[in-house]
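So you can see what is in the structure, the chains are spelled out below.
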Amino acid sequence: MNYKLPYEEKKLFFFKITGAFIVLIFVASICSFWYVNKTFISFEDGYDNRTDILELTIDGYTFLDRNSNSTLDVYEDDREAIADRVLDVLSQMTLQEKIHLLKGAGMASTIGMTKPGGIPGAVGAIVPTPRLGIPTVHLSDGPAGLRIEPSRENDDKTYYCTAFPIATLLASSWNETLVYEVGNAMGREAKAYGIDVILGPAANIHRHPLCGRNFEYFSEDPLLSGFIGASIVNGIQSNGIGTSVKHFVANNQETNRVLNDVIVSDRAMHEIYLKGFEHIVKRSQPWTIMSSYNKINGVYTSESEWLLTNILRNKWGFKGLVMTDWFGGKSPSSQISAGNDLLEPGTNRQWKALTKAVKNGELSMDAIDIAAKRILTLIFKTKKMQNYRFNNTPDLKKHAAITRNSAAEGMVLLKNENSLPFTNEKNIALLGVTSYEFIAGGTGSGDVNEAYTISLEEGFKNAGFKINKTAKKIVDLHRKVNSNSFIKPEGLDAIFSPFSPPEIIYTTDQINDIVATSDIGVLTLGRNSGEGGDRSEKNDFLLTKTEQEMIVKFTDAFHKKNKKVVVVLNIGGVIETASWKDLPDAILLAWQGGQEGGNSVVDILSGRINPSGKLPMTFPVKLSDHKSHKNFPKNPKMITIEGLVKNLIFPPSETPKAHKVKDEDYTFYHEDVFVGYRHFDSKNLSVSFPFGFGLSYTDFKYSPMKLEIENDTINISLNIKNIGAFPGKEVVQFYTEKLNSIIKRPSQELKSFAKTKRLENNESINVSVKIPIIELSYWNETVNDWSLEKGEYNIKVGGSSRNISQILKISL
Ligand code: BGC
């Protein structure tokens, strides 16, 4: 029998169902919000930073009575050694307080939800222990300057930070003193804003040009990475501000970075991937190291006792604490047991898991004490423990001058056919959108909230040049037509969406008008990438069709009128240059030079500064020339905010073995130690621009090199003379080669370098370096240690890896 509901009942039924559905969605949303909030954002109830600690004076000594017991405890007495104070406070802590310390405070401050005294935008914290008056310690990104929110609720003041040049540019300066100064300025800025630890520098190796985060990293060479990284650390830490050197280790791709398993030999690990970190640890003793997301040979780095305890601490003597990368790794108790002391940014899940692991004996009291002790040692070193009152007024002007000079020093002149510096050029035709929209740095956590970025247009105006009006009108119109694409992403959006407005397609008439009305063309190519995604070959490494046409048409039109074209590369990573580099008259690799970038480029083009940067990596002819190319992701996938949130709530599980995808779930490092020039030079492959290459407006003469072996060191010295007309600096590079090696070794490896001071015309300077003989060893997998081969070695000196001017042989 067919029973039909009367119309009124149907309506009621419909309303009931819809109502129930709405209530369900409402309840589900509230529950989800509550769950996310209580698990990831704000779960620190009862652990508020104390601001009511009173001063007491006992026997003429005034101190903060942190635990309010009216007596002077050892840990409250800042005349005592930190080690003793830490032991004292640790002895007063409950087990719960110690466990509480091992994970951060969650994400509230990352998203700007701070309590009074907090720092909106600071991405992490070490939690306070209020009962004992131990304060909160603030952590903030990152490698190119601080990343905090520039404005705060109910506050007219702004909190902008200086966007310093990207790490790759700093490495291109090969100038440790200059990089120390940049670090020093970063540290001062952190101190002014109440940040205790800067999450940087990042020292991963450029294994392949398309890693999306290469701009945050220094070089394809571990020695250069290590020496420059140590200079930044020393500069920052000279202010009593800590660093977190990241991402330890072999985090060389963004694709599936949280699950990716790096399959790599012990030799490549020691000689290439660990070596840079080893130099940093030994030369600068950073306060902290950040473990990476990936696994190495099946084990998460944050859960690897081999890495964090055996190598980092026992072999290298690292004294600080290790923190995870944000939400990195899987098992909190394995992380703490392995020597990863602090879980950032911290979740309620981790807190519960640690408590449970202690109860069921999985996590030992010893492991907890060791981690808590390391964390407390850091806290006691910070300004917060010294009750330092930060004033929120960093000297942004002074830091802008530092970033301007350091950016100019790391820009690399790749080509110059009698075109630079400008002589009589007054009217400059700025071509391509990036000439007007200079890219200061990459995206992701390496981004900075700076007050402004100087474009090339502004840079030229500031230096008194005229901007060609015809070219400018074209870009203005282009901007109007594509107005939506010119809106710069802000906040969280800026982290995930690189700003890349569409390129201008110039008509032939426009090109001719520009050429007729200007003295020279400056054509800028821009690239932006960042955290959460690798770059692609098409339209990124390779120029787009529009870019290729721009270069061809403009160089042709300008040359027909006997005028020149300079190409400026405002990029964060290597692009293809071999196919078009013959066309323009000059090429300046400007990298992403921070907020003063436009001024720095003009400083070089105008001759105010003589370029002295050299490449910290190879520019290959083709991507596939890199030995690592066979095993690098070819289908880049960008992480999205939605994806991130989903992964947080439902952590991605391991792909079943049979379905694992090469280069995503696992990546073979089959190139072994043959990364970058170690491969190109050993195979004698043609490259577009070699490692260590960079031109100057002057020439240098190298005097004969003198060698001397003194105990366990090779002492090398020579004179460098400026024999050109322009004052300038030279980067002198020292490579070594083992002759007749019993194993397969790179044909040469950088073992030292020196940058001269600015030499006037005819001025010379003595350059001397010391190479510890032990650094000529290779990692011997049979004995699981470094081995020094006996026999002959070539010691080479030159201006680049492919411009070796002298070779001397030594016998060891
Ligand atoms: C990045 C780190 C960064 C952290 C905090 C992570 O996603 O890998 O480099 O320091 O976030 O922003």
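Residues numbered from 1 in each chain as written. Predicted model: local features only at pLDDT ≥ 70, side-chain atom pairs only at ≥ 80, totals over all residues. Heavy atoms only, no water.

Examining helix H17 (residues 508–517)
Right, on to step 1. Those residues of H17 that sit buried are Ile511, Ile514 and Val515. For H17, the angular spread of the buried residues around the axis is 95°, confining them to a single face. In H17, the exposed positions that point more than 90 degrees away from the buried face belong to Asp509 and Ala516.
Right, on to step 2. Packing partners of the buried residues in H17 comprise strand S13 (427–431), helix H15 (469–481) and helix H19 (545–560). (Buried < 20%, exposed > 50% of the residue type's maximum accessible area, 1.4 Å probe, protein only. Helix = DSSP H or I, 4+ residues; strand = E, 2+ residues; numbered from the N terminus. Arc of directions from axis to C-beta. Contact = heavy atoms within 4.5 Å.)

Examining the side chain of Glu216
Right, on to step 1. By secondary structure assignment, the location of Glu216 is in the loop between strand S5 (197–199) and helix H6 (222–237).
Right, on to step 2. Of the polar contacts made by the side chain of Glu216, one reaches the side chain of Arg213; its length is 2.6 Å.
Right, on to step 3. Leaving out residues up to four positions away in the same chain, Glu216 has contacts with Pro143, Ala167, Ala202, Lys246, Ser445 and Gly446. (Polar contact = N/O pair within 3.5 Å; in protein donor to acceptor, adjacent residues only side chain to side chain.)

Considerations on the packing of aromatic side chains
Right, on to step 1. Per the stated rule, a full pass over the model turns up 25 aromatic pairs.
Right, on to step 2. Centroid distance Phe227 to Phe753: 5.9 Å. Interplanar angle 45°. Geometry classified as tilted. Note that Phe227 is positioned in helix H6 and Phe753 in strand S25 (residues 749–755), a separation of 526 residues in sequence.
Right, on to step 3. Taken together, the ring pairs in this structure connect Trp174, Phe227, Tyr677, Phe691, Tyr735 and Phe753 into an aromatic cluster.
Right, on to step 4. Against the face of Tyr61 rests Arg79, its NZ or CZ located 3.6 Å from the ring centre.
Right, on to step 5. Seen from the ring of Tyr159, Lys157 lies directly overhead, with NZ or CZ sitting 5.5 Å from the centre. (Phe/Tyr/Trp six-rings, centres within 6.5 Å; stacked < 30°, edge-to-face > 60°. Lys NZ or Arg CZ within 6 Å of the ring centre and 35° of its normal.)

Concerning the pattern of salt bridges
Right, on to step 1. Overall, the coordinates contain 50 salt bridges when judged by the stated rule.
Right, on to step 2. Between Arg131 and Glu97 there is a salt bridge, and its shortest N-O distance comes to 2.7 Å. One end of the pair, Arg131, is in the loop between strand S3 (124–126) and strand S4 (137–141); the other, Glu97, is in helix H3 (residues 95–101), and 34 residues separate them in sequence.
Right, on to step 3. A residue is classified by how much of its surface remains accessible, and Glu97, at 7% relative accessible area, is buried.
Right, on to step 4. With a closest N to O distance of 2.3 Å, Glu763 and Lys757 form a salt bridge.
Right, on to step 5. Several salt bridges share partner residues, and in doing so they unite Glu437, Glu457, Lys461, Lys472, Asp476, Arg479 and Lys488 into one network. (Salt bridge = Lys/Arg side-chain N within 4 Å of Asp/Glu carboxyl O.)

So, the sheet that holds strand S8 (residues 288–291)
Right, on to step 1. An order of S3-S4-S5-S6-S8-S11 is seen for the six strands of this open sheet, with the pairing classed as mixed. This sheet does not close on itself; its edge strands, each paired only once, are S3 and strand S11 (321–323). Sheet twist, expressed as the mean angle between neighbouring strand axes with direction ignored, is 30°.
Right, on to step 2. Packing of H6 onto the sheet brings it into contact with S5 and strand S6 (242–248), and relative to S6 it is tilted by some 155°. (Pairing = 2+ DSSP bridges. Axes fitted to C-alpha atoms, helices over the stretch in contact; angles between N-to-C directions.)

Taken by themselves, the reported measurements are silent on function.
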